Amino acid sequence: MTLEITTTLNPNPVSDERLAEILADPGFGNHFTDHMFRVEWTPEAGWHNARIEPYGPLSLDPACSVLHYAQETFEGLKAYRHTDGTIWGFRPEANAARMARSSARLAFPVLETEDFVQAISELVKVDARWVPAAVEGEEKSLYIRPFMFASENFLGVRAAQHVTFMVICSPAGSYFKGGMKPVRLWLSESFTRAGRGGMGAAKTGGNYASSLAPQAEAYAKGCDQVMFLDASEGKYLEELGGMNIFFVYGGANGGRLVTPSTSGTILEGITRDSLLELAADHGLKVEERQIPLSEWRDGVASGEITEVFACGTAAVITPIGELLSADGSIVTPDPGGPVTTALRKNLVDLQFGRAEDIHGWTTQFA
Ligand code: PLP
Ligand code: COI
């Protein structure tokens, strides 16, 4: 299906002066563009009433079922301005496919890839002036947040018969205040993120709600993010609150990138997947497998693990400097070292159109 989208322009868009101030220092998730996209679903009419309208509050009935049972799923991707002024997305079809998988898990109808990409692309065209200019070294972009929620007013526990899909956009700088500065992780041993058969692979608000208490614990310990272990044995590394993790084996028997396998309990990151493909271009072997926590300690002690980094749309690639736990700390020998730096440059150059798109990952929005 191709959506028929009606557009109502915002009669009071943010002024050029205010926009320039916002884009000078956008932060992450603080400011929102002049418009939003919305489409509704019912079993009878399917997806209908697609529109781009002025950004503004939603009016929800107190019985709106997402407020009670959290039937919700979301995505996160970015639009990048290239030096010639054009605006591009990075693998938006992969986000559409992941949202379809999350939708299946959350008992939602599926929004076709074509419709998902069209909705984003039309909204980005309308709000194009919000996409920061291409300035090398700044890496500012427009963060795009598609989300779907149960919008039926009903307290029975079943899949909603009225569903809303929306897209909002927010200009973004670095997720972490320090940019490429190495972050510290707190190892959560009292909380887990997802169990077998649960929702770990779905991008749904509940997973983030459950990460907030461990994340608060991390902040209290002076750390930036929480590191989760598997729920069954508490032995294997899974992912961070909002990012996947990679180890660089740069010592003896090196030239390897190692990351936890996606076994249904972690989010199948698109950055993660892209790095696994890019690794070959850097002469790196890849291993996706279970990684016991003890391997991290032993690998650093033996000099085999040289770099550790987190990756995701918001985080891009961020070096991990230390894992802190009740038992002590593991300090990365060379955070932000040569492999992290080269992979990061390759990824960011592709996103900003400074490297040839040999993988066919970019899609022009405007
Ligand atoms: N893991 C979690 C829990 C996340 O929230 C994210 C961010 O979206 C990722 C991993 C990385 O996924 P992606 O690279 O698709 O942004
Ligand atoms: C993203 O990277 O898109 C996320 O959703 C992660 C979140 C920490 C902002």
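Bear in mind the structure is a predicted one, so any value in this text is a computation, not a measurement.

Reading the values: the criteria
- Residues numbered from 1 in each chain as written.
- Chains lettered and ligands numbered in written order.
- Predicted model: local features only at pLDDT ≥ 70, side-chain atom pairs only at ≥ 80, totals over all residues.
- Heavy atoms only, no water.
- Domains from an automatic or database assignment.
- Contact = heavy atoms within 4.5 Å.
- Buried area = accessible area lost by both parts, 1.4 Å probe.
- Salt bridge = Lys/Arg side-chain N within 4 Å of Asp/Glu carboxyl O.
- Polar contact = N/O pair within 3.5 Å; in protein donor to acceptor, adjacent residues only side chain to side chain.
- Helix = DSSP H or I, 4+ residues; strand = E, 2+ residues; numbered from the N terminus.
- Nonpolar A, V, L, I, M, F, W, Y, C, P; charged D, E, K, R; others polar.
- Buried < 20%, exposed > 50% of the residue type's maximum accessible area, 1.4 Å probe, protein only.
- Pairing = 2+ DSSP bridges.
- Near = heavy atom within 4 Å.
- Areas by Shrake-Rupley, 256 points an atom, 1.4 Å probe, with all protein chains shown as cover.
- Disulfide = S-S within 2.5 Å.

Moving on, we come to the domain arrangement of the protein chain. For the protein chain, the assigned domains read domain 1 (6-172) and domain 2 (183-351). Here the C-alpha centre of domain 2 lies 27 Å away from the C-alpha centre of domain 1. Contact with domain 1, which involves 22 residues of that partner, is made by 22 residues of domain 2. Taken as a group, F74, F90 and R98 account for 30% of the area that domain 1 buries against domain 2, more than any other trio of residues on that side. Counting across the domain 1 and domain 2 interface gives 3 salt bridges. A salt bridge links D273 to R91; the shortest N-O distance between them is 3.0 Å. Linking domain 1 with domain 2 are 16 residue pairs in polar contact (both at pLDDT 80 or more), by the criterion used here. Sorting elements by how many residues they give to the side of domain 1 that touches domain 2 places helix α3 (residues 92-105) first, with 6 residues. Residues belonging to the side of domain 1 that touches domain 2 are distributed by class as follows: 9 nonpolar, 5 polar and 8 charged.

With that settled, consider the pairing of strand β15 (residues 305-312). Counting buried positions over the 8 residues of β15 gives 8, a clear majority of the element. When strand β12 (residues 244-249) meets β15, the two strands line up antiparallel, connected through 6 bridges. Residue pairing across strands places I245 opposite A310, the latter belonging to β15. Both β15 and strand β16 (residues 316-325) contribute to a ladder of 4 bridges, which runs antiparallel. Paired with G312 across the strands is V316, a residue of β16.

Right, let's get into the site of ligand 1. Of all residues adjacent to ligand 1, which total 17 residues, the nearest are K203, Y208, E239, T271 and T313. At 2.5 Å, a side-chain N or O of T271 approaches an oxygen atom of ligand 1. Taking 380 Å² as the accessible area of ligand 1 by itself, protein coverage stands at 96%. Counting only elements with at least two residues in the shell around ligand 1, the list comes to β11 (237-240), α7 (270-281) and β15.

Scanning the model with the defined rule gives 0 disulfides in all. For C223, which is in no disulfide, the shortest distance to another cysteine sulfur is to C311 and amounts to 19 Å. Judged by its relative accessible area of 3%, C223 is buried.

As a further point, take unusual backbone geometry. In this structure, A107 is a non-glycine residue whose phi angle is positive, near 60°. Structurally, A107 can be placed in the loop between α3 and α4 (113-126). Even without being a glycine, V316 presents a positive backbone phi close to 55°. Looking at the element boundaries, V316 is found in strand β16.

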